Amino acid sequence: MAGKSIAANKVRSFLTMLGIIIGVAAVIILVSLVQGQNKQWKEYYESLGTNRVNVSAYMWNGKDITEDLYEYCLRLDDLVLGVTPNGYYYGNIRYQSKSTDGNREYGTPSIALGSDLYSVCNNYELAMGRDISYLDVQNYNQVVVLGAKLKEYLFDYKNPIGEQISIGGHKFTVIGVYAAKGGTINPYIDYTAVVPYTMNRLLNKNNTFGDFTIKAKSSEATTEVITRVTGFLTGLIDPNYGYFYVYSDNSWMEREDEANRMMSLVLGGIAGISLLVGGIGIMNIMLVTVRERTREIGIRKAIGGSRRSILIQFLIEASVICGTGGILGILLGVLGTLVAGKLIFQLVLYPDVALSLGAVAFSVVLGIAFGMYPAVKASALQPVEALRAE
Amino acid sequence: MKLIELIDAYKIYNEGFENEVRALNGVSLTIEKGEFVSIVGQSGSGKSTLMNILGCLDVPTYGEYFLNGQDVSVMTDAELSKIRSRDVGFIFQGFNLISTLTAYENVELALIYQGVRASQRHDRVMEALERVGLADRAKNRPSQLSGGQQQRVAIARALVTNPSVIMADEPTGALDSKTGQQILDLLKSLNDEGATVILITHNMDLACASHRIIRLSDGKIVEDYRLRGVTA
């Protein structure tokens, strides 16, 4: 019976559902995306490893502190595992006919300019060949270690060791390949290459670095390293010619967590409001429906329908509309999350099950509550009054 | 056997206020089983109010009403629903079919509310539709039927539950005279088969088809006479 009246008003039933569908889908998509971003950040930081200290130095007299910082950190060998400048070169990499400019999926990679301890600082492990050595840095050797994804793209299954590739038009010899570590979460971590930082002059026509990473031995050592390095740089950098920051990844991660939580709340709130609006839409439609159908309620009562049976009918109608809307909302939400996840983060995101069910439960409860109120009112009418309605 | 016994019934709106209306002002009435009674009167005479009370759609403000020996005037809403589904069949001027349901479903609804099991409903619905000559239109919606056909569906709905009394409120009011006559003939033949029929109308020609005429004016019975020597 309830199905009949829903089917008889297809457009109206669908419009009512639409409010719920959009509300549920919006909640699912928005919250899932924030969670996805959160997850991506987390995995990124985890892939870099913990206990990292970052140094940013800005010098306006052109002085480079790379060598000094490197030497100093190596002397702190009871606290520090490694130190590297963080420089990048963006440009085409070519091997025979393969070129990264032609890679539709990942495009042109950023090539890291690092020290011989770059892999230690960034949690890379060698899969084959050898790593960059201190002498490679000192002797300006044009050598490169490839990330797993980049190796796969350029060489496929071929052994790349000893092969020549061209980076920005300069010849480099492949000496090693790092093991994959990003997985599906962040393939860019493996779509990279590392060259000695002294190649900065060749690739970027630049001699200085402003950004460094120091890998400490433990979280206690991290604090100690920050103190020591700050002391060292205070002595090294004349405040008239530059300034610097020393900070740990750990604090950055905490701030990122906090920001993500805020974003979850804000977006979840917005989506929740749209769900509420959907619920009010249901109440509105139900109110109109009941008004329109007061006469029908009168007829039903006249031929013996009890108040209870009429209430149950409206309850079923409201539940079916909201339930169907909720299920369609989940489908749309999951689909939207998958598509948006792929487009924005290049990863396969699945919405939280509890969240999805919660959104549906909320919409059904809302729809029933809002749908029942006018029905309760109408069913309480004397059949005579209801019949008189036009 | 007394089917309906109304004792000194009043229906008063806005009692005690300036705009007090006495729709029924002390009506006593007895109707036997198997009678065909017309209630006539000008509009505003209280005949619709009387029908609503006799049909258990409304309860009197004062007075007692016994239907089949049960005191209806003290019943709750739920009990009234039950009485309506079991003992009363309504036929209205405006047909009052549910537009989203087919003829079959409209008739079936009365059985659903009566609590008849699904397996038994089909035969009874088809029997009722056949009785009014509409078995072949069972799947049509009201909008696909003529006025006379709609009213016959309404009659089928009224008689499918085998009610103690069929209440017809201006059943021909919305129909042309020829179709109206068909409806009246149908009511007469139902009465011949033993059904108690109460016809509410302002049309004396229609009323003359019945066995007994009760005339209301200003909420009071002013005339009550039998047309033929019918013994109940």
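Quick summary incoming for the structure in this document. (Residues numbered from 1 in each chain as written. Chains lettered and ligands numbered in written order. Predicted model: local features only at pLDDT ≥ 70, side-chain atom pairs only at ≥ 80, totals over all residues.)

The next thing to look at is the environment of tyrosine 113 of chain B. If you trace the backbone, tyrosine 113 of chain B turns up in helix H3 (residues 103-114). Of the residues examined, tyrosine 113 of chain B has 22 C-beta atoms within 10 Å and is grouped as buried. Along the chain, tyrosine 113 of chain B and arginine 84 of chain B lie 29 residues apart, while their C-alpha atoms are 9.8 Å from each other. Leave out the neighbours within four places in its chain, and tyrosine 113 of chain B touches Ile303, Gly304, Gly305 and Ser309 of chain A together with Ser85 of chain B. (Helix = DSSP H or I, 4+ residues; strand = E, 2+ residues; numbered from the N terminus. Buried ≥ 20, exposed ≤ 12 C-beta atoms within 10 Å, placed from the backbone. Contact = placed C-beta atoms within 7 Å.)

The subject of this paragraph is the interface of chain B and chain A. Contacts between chain B and chain A engage 18 residues on the former and 16 residues on the latter. Breaking the side of chain B that touches chain A down by element, the ones donating at least two residues are helix H2 (77-87) and H3 of chain B. In terms of residues, the side of chain B that touches chain A owes the most to one element, H2 of chain B, which gives five residues. Of the residues that constitute the side of chain B that touches chain A, the class distribution is eight nonpolar, six polar and four charged. (Nonpolar A, V, L, I, M, F, W, Y, C, P; charged D, E, K, R; others polar.)

With that settled, consider the sheet that holds strand S1 (residues 52-59) of chain A. Residue and element names in this part refer to chain A. Taken together, four strands build an open sheet; the order of strands is S2-S12-S1-S13 and the sheet is antiparallel. In the strand order of this sheet, the two ends are held by strand S2 (80-85) and strand S13 (242-248), each with one partner. Each strand of the sheet is rotated relative to its neighbour by a mean of 15°, with strand direction disregarded. When S1 meets S13, the two strands line up antiparallel, connected through seven bridges. When the sheet's bridge partners are listed, tyrosine 58 is paired in S13 with tyrosine 243. Packing against the sheet, helix H3 (residues 66-75) makes contact with S1, S2 and strand S12 (211-216), and its axis sits at approximately 175° to S2. Sheet strands touched by helix H8 (residues 219-236): S1, S2, S12 and S13. Its angle to S13, the strand with the most contacts, is close to 175°. (Pairing = 2+ DSSP bridges. Axes fitted to C-alpha atoms, helices over the stretch in contact; angles between N-to-C directions.)

On to the environment of leucine 50 of chain B. Residue and element names in this part refer to chain B. Among the secondary structure elements, leucine 50 is positioned in helix H1 (residues 47-54). The class for leucine 50 is buried, based on 27 C-beta atoms found within 10 Å. With residues up to four places along the chain from it excluded, the contact list for leucine 50 reads Leu24, Val27, Ile39 and Leu216.

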